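Now for the letters of each chain:
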Amino acid sequence: ALLLKDVDGVYEQDPKQNPGAGRYDSMSWSDAREQAGVLVAPKALAFAEDNKLEFNIGTPGIPSYTTIGAKTSKAAPAKSPKRLKVALLGCGVVGGGIYRRVKALPERFEIVKIMVRNRQKYLDQGYKDQEITTNFEDVIASKPDIFIDVSGPIEPALTFTKDMLSRGVHVVSANKQAVAEGGKDLLEFAKDSGAILAFSSAAGGGMPVLEMCIREAGRIVRVEALLNGTTNYMLDEIMTGKSYAEALKEAQDKGFAEADPTADVGGADAAAKIRLVALLGFGKEITLDDIPRDTIENYETDGPVNGAVKRVASCWRHREGFNAALELKDLSLNNFIAQAEGEEAHAIFYFDDGDSYKIRGKGAGRWPTTESVMADLYDISAAHMKAAPQ
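What you see is a predicted model; the values in this text were computed from it and never measured. (Residues numbered from 1 in each chain as written. Predicted model: local features only at pLDDT ≥ 70, side-chain atom pairs only at ≥ 80, totals over all residues. Heavy atoms only, no water.)

Enquirer: Please explain the overall build of the chain as it appears in this structure.
Expert: Of regular secondary structure, the chain possesses 13 helices and 18 strands. The C-alpha atoms of the chain give 23 Å as radius of gyration, which agrees with the globular expectation for 390 residues (21 Å, within 12%). If one aligns the C-alpha atoms of the chain with their principal axes, the spans along those axes are about 70 × 55 × 40 Å. For the chain, with 390 residues in total, the buried portion stands at 50%. Considering only residue pairs separated by 6 or more positions, the chain has 68% of its internal contacts joining residues 24 or more positions apart. For the chain, the accessible area works out to roughly 18,800 Å², and carbon and sulfur atoms hold 48% of it. (Helix = DSSP H or I, 4+ residues; strand = E, 2+ residues; numbered from the N terminus. Rg over C-alpha atoms; globule rule 2.2 N^0.38 Å. Buried < 20%, exposed > 50% of the residue type's maximum accessible area, 1.4 Å probe, protein only. Contact = heavy atoms within 4.5 Å. Areas by Shrake-Rupley, 256 points an atom, 1.4 Å probe, with all protein chains shown as cover.)

Enquirer: How should I be thinking about helix H3 (residues 93-103) in this particular structure?
Expert: Given 3.6 residues to a turn, an α-helix orients residues that are three or four positions apart in the same direction. Looking only at H3, the buried set comprises Val94, Gly95, Gly96, Gly97, Ile98, Tyr99 and Val102. At its buried positions, H3 is contacted by strand S8 (84-89), strand S9 (109-115), strand S11 (146-149) and helix H13 (366-387).

Enquirer: What is the right way to look at the packing of helix H7 (residues 176-193) against helix H12 (residues 268-282) in this model?
Expert: Two quantities define a packed helix pair, namely the angle between the helix axes and the distance between the axes. Where H7 contacts H12, the axes come no closer than 8 Å and their chain directions differ by 20°. Classified by the angle their axes make, H7 and H12 are roughly parallel. Our pair here, H7 against H12, has a crossing hand that is left-handed. Residue-level contacts link Lys176, Gln177, Val179, Ala180, Glu181, Gly183, Lys184 and Leu187 of H7 to Ala268, Asp269, Ala272, Lys273, Arg275, Leu276, Leu279 and Leu280 of H12. (Axes fitted to C-alpha atoms, helices over the stretch in contact; angles between N-to-C directions. Parallel < 35°, antiparallel > 145°, perpendicular 65-115°, else oblique. Left-handed = near helix turned anticlockwise from the far one by under 90°.)

Enquirer: I tried to follow the pattern of salt bridges on my own but got confused; where do I start?
Expert: If charged atoms from side chains of opposite charge come close, those side chains can pair. Counted according to the given criterion, the structure contains 21 salt bridges. The shortest N-O distance in the salt bridge between Glu371 and Arg101 comes to 2.9 Å. Of this pair, Glu371 sits in helix H13 while Arg101 sits in helix H3, and the two are 270 residues apart along the sequence. You can call Glu371 partly exposed: its relative accessible area is 35%. For the salt bridge of Arg222 with Glu224, the shortest nitrogen-to-oxygen distance reads 2.8 Å. For Glu224, a relative accessible area of 13% corresponds to the buried category. The structure contains a network of salt bridges with shared partners spanning Arg215, Glu216, Arg219 and Asp353. (Salt bridge = Lys/Arg side-chain N within 4 Å of Asp/Glu carboxyl O.)

Enquirer: Help me understand the sheet that holds strand S10 (residues 132-133) in this model?
Expert: What holds strands together in a sheet is hydrogen bonding between their backbones, with the strands either parallel or antiparallel. Strand order across the open sheet formed by six strands is S10-S9-S8-S11-S12-S13, with parallel pairing between neighbours. Two strands bound the open sheet, and with one partner strand each, they are S10 and strand S13 (197-198). Examined bridge by bridge, S8 and S9 share six bridges and lie parallel to one another. In the strand pairing of S9, Leu88 is matched with Ile114. Sheet contacts for helix H6 (residues 157-166): S8, S9, S11, strand S12 (170-173) and S13; angle to S11, the most-contacted strand, approximately 170°. The sheet contacts of H13 involve S8, S9, S11, S12 and S13, and relative to S12 the element is tilted by about 165°. (Pairing = 2+ DSSP bridges.)

Enquirer: I would appreciate a short explanation of the sheet that holds strand S14 (residues 220-225) in the present structure.
Expert: Taken in spatial order, the five strands make up an open sheet running S16-S15-S14-S17-S18, and their pairing is antiparallel. Across the chains shown, the open sheet's two edge strands, defined by having one partner strand only, are strand S16 (321-331) and strand S18 (356-362). On average, each strand axis in the sheet is tilted by 15° relative to the strand beside it, whichever way the strands run. With respect to the sheet, H12 is in contact with S14, strand S15 (308-318) and S16, its orientation differing from that of S15 by roughly 30°.

Enquirer: Sorry if this is basic, but what is going on with the side chain of Thr59 here?
Expert: Relative to the helices and strands, Thr59 resides in the loop between strand S5 (55-58) and strand S6 (66-69). There is a polar contact of 2.9 Å between the side chain of Thr59 and the backbone oxygen of Lys5. Residue contacts for Thr59: discarding those within four places in its chain leaves Lys5, Asp6, Val7 and Asp8. (Polar contact = N/O pair within 3.5 Å; in protein donor to acceptor, adjacent residues only side chain to side chain.)

Enquirer: I'm lost on the side chain of His346 in this one. Help?
Expert: Mapped onto the elements of the fold, His346 is located in strand S17 (residues 344-351). Polar contacts involving the side chain of His346 include one to the main-chain carbonyl oxygen of Phe336, which spans 2.8 Å. Look past the residues within four positions of His346 in its chain and what remains in contact with it is Met207, Glu224, Ala225, Leu226, Phe336, Ile337, Gln339, Ala340, Ile359 and Arg360.

Enquirer: What exactly am I supposed to notice about the nonpolar core here?
Expert: A general feature of soluble globular proteins is that nonpolar side chains tend to end up buried together. Among the nonpolar cores identified, the biggest contains 55 residues, and Phe147, Val209, Leu210, Ile274, Val277 and Phe349 are the most heavily contacted of them. In terms of residues, this core owes the most to one element, H12, which gives nine residues. The residues contacting Phe349, other than those within four sequence positions of it, are Val209, Met212, Cys213, Ile220, Arg222, Val223, Asp355, Ser356, Tyr357 and Ile359. Counting residues in each nonpolar core, the second largest holds 27 residues, with Ile98, Leu105, Phe109 and Ile146 among its members. (Core = buried A, V, L, I, M, F, W, Y, C linked by side-chain atoms within 4.5 Å.)

Enquirer: What's the story with unusual backbone geometry in this structure? I'm lost.
Expert: Excluding glycine, residues mostly carry a negative phi; peptide bonds, for their part, are mostly trans. With an omega dihedral of 10°, the bond running from Glu155 to Pro156 counts as a cis peptide bond. The backbone phi angle of Lys143 is positive, close to 50°, even though this residue is not glycine. For Lys143, the position within the fold is in the loop between helix H5 (136-141) and S11. The exposure class assigned to Lys143 is exposed, which follows from its relative accessible area of 61%. Residue Asn298 is not a glycine yet carries a positive backbone phi of 60°. Structurally, Asn298 is set in the loop between H12 and S15.

If you want it as structure tokens, here you go:
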């Protein structure tokens, strides 16, 4: 277990005031009460010691930490993360959130270029002249360590992603359409390049759907999930008596829906995420045409609702093969999927041994997706630290 803090472990002195202070790789429970009282509650330390529970104290993206357990090591200088250069493709709702988060971590990351369609629009918003470009050659010339794709269309994003990977540049993608279209070929391309392709934000927002698919691949027999928090929010609002137009405007005002909501309400967005679940969880490459999709465009209730109306994304394997669907369902309120409220997202994984696993998280909006992108950035930062010579 890792107890997340704003420091990568327990130090002899406050590292912010004393940058040369030594860090402990391990520390006993009793010493931690004296040295780490500001990081861990005394009652928690006492409980851990009584039950002989070891845990780690660290920070996201730093692969070093202090293990609290039986022994105390000698303090030694800590390794600092390399400052990584970051380029963005797109800077809309999510991209703007990522920009703010990355800018707040100048010791870890530096934004070197942002590629957009309308340069003047972003200059008028206060972005720096040297950051903004409409030319991919400028992105290449900025020599980024990480390329973040938060654009929408498949192209030119997919071509740019492959170009960056071929140059050894790590890619973090929130572009589910591009990654789904790239499929196995893109995953193999990334593997051969030696660079990291991370896309945990491409499905589920703040819900770790794709991580679960990767971890449990081979034993999953069925996945049922809400993969579009925007439409879940809208359906809940419609169930309260609002019109489709009212629900859509509210979703747009809150930053859940884009100005053009076609991909959300028509199902293309959720279907792209289904393709990723199929690929990573089942090893199946499917197309959008393989996924029957119920639209919620202009949806209104046409009769009594027994529980909660949800648009459920499903993938399942069976004796005859494999299927996927995006269906409007009237679910019992006892159903875990039905219990997701507003922009929340829920998912259930069913396994070949009869077991199942439920996860939940925020499925729409700037910040859930932004935090998923940041998690990928931290992982790449950690990988750089591990690969660096001692």
